Structures are given as structure tokens and as C-alpha cells.
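# Descriptive analysis of the structure
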Amino acid sequence: MTWDVRRFDELDSTNTWIMAQARAGAAQGLVAVADHQTAGRGRLGRRWESPPGANLLCSVLLRPAALSHLVVVRMALAARDAVRAVAGLEVGLKWPNDLVTADGAKLAGLLAETDGAAVAAGIGLNVAWAPEGAACLGAEVDREAVLAALLEALGRWCDASDDDVARAYREACVTLNRQVRVELLDESFTGSAADIDADGHLLVDTGACLRTVTAGDVVLVRSGS
Ligand code: BT5
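About the cut-offs
Residue numbers run consecutively from 1 along every chain, following the written order of its sequence. Given that the model is predicted, a residue must reach a pLDDT of at least 70 before its local features are reported, and side-chain atom pairs must reach 80 or more before they are shown or counted; all residues, however, enter totals for whole chains, interfaces and linings. Just so you know, side-chain values use all the structure's heavy atoms and leave hydrogens and water out. Every helix listed is a DSSP run of H or I at least four residues long, and every strand listed is a run of E at least two residues long, numbered separately from the N terminus. Relative accessibility decides the category of a residue: with a 1.4 Å probe and only protein chains considered, values under 20% of the type maximum give buried, values over 50% give exposed, and everything between is partly exposed. In protein, a polar contact requires one atom able to donate a hydrogen and another able to accept it; more generally it is a pair of N or O atoms within 3.5 Å, and residues adjacent in sequence count only if both atoms are side-chain atoms. We call two residues in contact whenever any of their non-hydrogen atoms come within 4.5 Å of each other. Buried Ala, Val, Leu, Ile, Met, Phe, Trp, Tyr and Cys residues that are joined via side-chain atoms within 4.5 Å together make up what is termed a nonpolar core. Whether two strands pair depends on DSSP finding at least two bridges between them. Only C-alpha atoms enter the line fits that serve as axes; for helices the fit covers just the stretch in contact. Angles between N-to-C directions range over 0 to 180 degrees. What makes a residue near a molecule or strand is one non-hydrogen atom of that residue sitting within 4 Å of it. Calculation of accessible area relied on Shrake-Rupley with a 1.4 Å probe; when residues are assessed, cover is drawn exclusively from the protein chains displayed. Three classes are used, and their members are as follows: Ala, Val, Leu, Ile, Met, Phe, Trp, Tyr, Cys and Pro are nonpolar, Asp, Glu, Lys and Arg are charged, and the others, Gly among them, are polar.

## Observations concerning the side chain of His69
- Its place among the elements puts His69 in the loop between strand 3 (56-62) and helix 2 (70-87).
- A relative accessible area of 14% means that His69 is categorised as buried.
- For His69, the side chain forms a polar contact with the main-chain oxygen of Pro96, separated by 3.3 Å.
- Residues contacting His69, with those up to four places away along its chain left out, are Trp95, Pro96, Tyr169, Asp199, Gly200 and His201.

Below, the structure is given as C-alpha cells:
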């Protein structure tokens, strides 16, 4: 994969910019990096907070052969690798789209949006700043080095087979074998996070049945409570 990196002092959202480029026919490998976002987005219209110049805010245009959750998982695994290589920190992946530290604090969030066969895969990774309750790498860590390591690793994960990506996700996923509460738009339920299927979806054992969760928020519940 060849990366075409565009840098901006300010954008509304790197994901919005990449989606517009995708609609205009841009090739995969286009990358937008912003020092600041005036309308950084999480999932479901939530806000992504990040003061100017502090963190890594970037989105990548991918045109995968098939659309599945494993596309954004490749980006999450690449970010995990980059954090390990540049900052020496081991992080886990919390289903569906967070990087979390050993104590469960959110270090990064990922947002995938699609337009036809194009995917804008965005990541906000806290380097020098994090909101209360979240984690950051530390101001001494070089954002450019994290970006370079992330793109290098993403190239490798894009070349990996879906089976290898799903296997790596299962190993990195801190949600598995935990009691979870799954919050969907119109209901919530609890169960044990039993497995991740071949498409990267979460399989939750409710006691009565095995439910496949394709989207939603997952809260880790203390075992036994
Ligand atoms: C996410 O959503 O975690 C996806 C975040 C994706 C952000 C990137 S930045 C580059 C690209 N361009 C964009 O516009 N977006 C992407 P979600 O799981 O919905 O989590 C959002 C929630 O995380 C918020 O409601 C806050 O509670 C919390 N949050 C906001 N800013 C945060 C930060 N910097 N660190 C940790 N948590 C944060």
C-alpha cells in the first residue's frame, strides 16, 4: 500500500474530509491528518475531544475487497502495534473499536464510515492529552513517529488474510471471556463475551442463546456482579 498523507492545521473532521474525497473518486491510501478538528466525531454522533496540537487525529481511505468489521480491526491492530513500537506500551482492544490500557482507560477510539465500497477509517489516539478517566501516551512521544509506525503496520495488516486478522483480534481483545452489558439502540442485555466470529462480530452467551453483536456499545461488568 502506498500512502498519500495530507496534513491540515484544522479540519472539521478528518473522516468527513476523507469521505468527501472518496465520493470524488480518490484512490485508497489517501490519509488525512489534522492538528485540530472543529467537529471531531465518535460513533452515534458523539463528540471526540482533542485540543489543538496534542494528539494524533487521522483518517485513511481504504477500498477493501469486502466490507466487514475486520477493515477497522486492521486499523486497530496497526495502532496497537504502533503504540507498542513507539511508546513501549501494551494495550488491548475493547470491542468494537477502542484501544485501552491495562487498567481499562481509553487511549484511542476508531470510527469507520462507508460510502459504497469505500471506507474512511479514522482514529483519535491520545498522545499528549486525554480527558478525565482516559489515557494518553505522554507529551514526550512523537506524534509523527506514531503515525509512521501506524501506517507501516496498517500496510502489513491490509495484506494479511481475514483469518489472520480475526485470530489476532481474538488474542488482543480484552472483552472476551468477560461479563458484558451490550447496549443497542433499543435494548440492552448482559451475558458472557464468548467469541469473535470470522467477520469480527462479538458473540455473547446470554445463558439462553448465543447472540451475534454487529454494532453497539459494550460495557465490561465486574465478574459475578
Ligand atoms: C470513538 O467513538 O471512540 C471513535 C472516535 C474516533 C475519533 C477519530 S479522530 C479522527 C477521525 N475524525 C473524526 O471525526 N473522528 C475520527 P465512541 O466509541 O462513540 O466514543 C466517543 C466517546 O469517547 C465520547 O462520547 C466521550 O465520552 C469519549 N471521548 C471523547 N474524546 C475522547 C478522547 N480524546 N479520549 C478518550 N475518550 C474520549
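## Brief notes about the nonpolar core
- Membership of the largest hydrophobic core comes to 58 residues, with the highest contact counts inside it found for Leu99, Ile123, Leu125 and Leu202.
- Top element by residues in this core is helix 2. It accounts for 11 residues.
- Those residues in contact with Leu125, other than ones at most four positions away along the chain, are Asn55, Leu56, Ala79, Val83, Leu107, Ala108, Leu137 and Val146.
- Listed in part, the 12 residues of the second largest apolar core include Ile18, Ala22, Ala32 and Ala120.

## Concerning the sheet that holds strand 8 (residues 179-183)
- What the five strands build is an open sheet, ordered 11-10-9-8-12; its pairing is antiparallel. With one partner strand each, in any of the chains shown, strand 11 (210-213) and strand 12 (217-221) form the two edges of the open sheet. Along the sheet, successive strands turn relative to each other by an average axial angle of 45°, direction set aside.
- Judged from the four bridges that link them, strand 10 (residues 202-205) and strand 11 form a sheet pairing that is antiparallel. Bridge pairing in strand 11 links Leu202 to Val213.

## Examining the site of the ligand
- Around the ligand, 27 residues are found, and the nearest of them are Ser13, Arg41, Arg46, Glu49 and Lys106.
- A distance of 2.9 Å is found between a nitrogen atom of the ligand and a side-chain nitrogen or oxygen belonging to Gln37.
- Its free accessible area being 790 Å², the ligand has 87% of it covered by the protein chains.
- It is strand 6 (residues 106-115) that provides the largest number of residues to the shell around the ligand, a total of four residues.
- Within the shell around the ligand, the residues separate by chemical class into nine nonpolar, 11 polar and seven charged.

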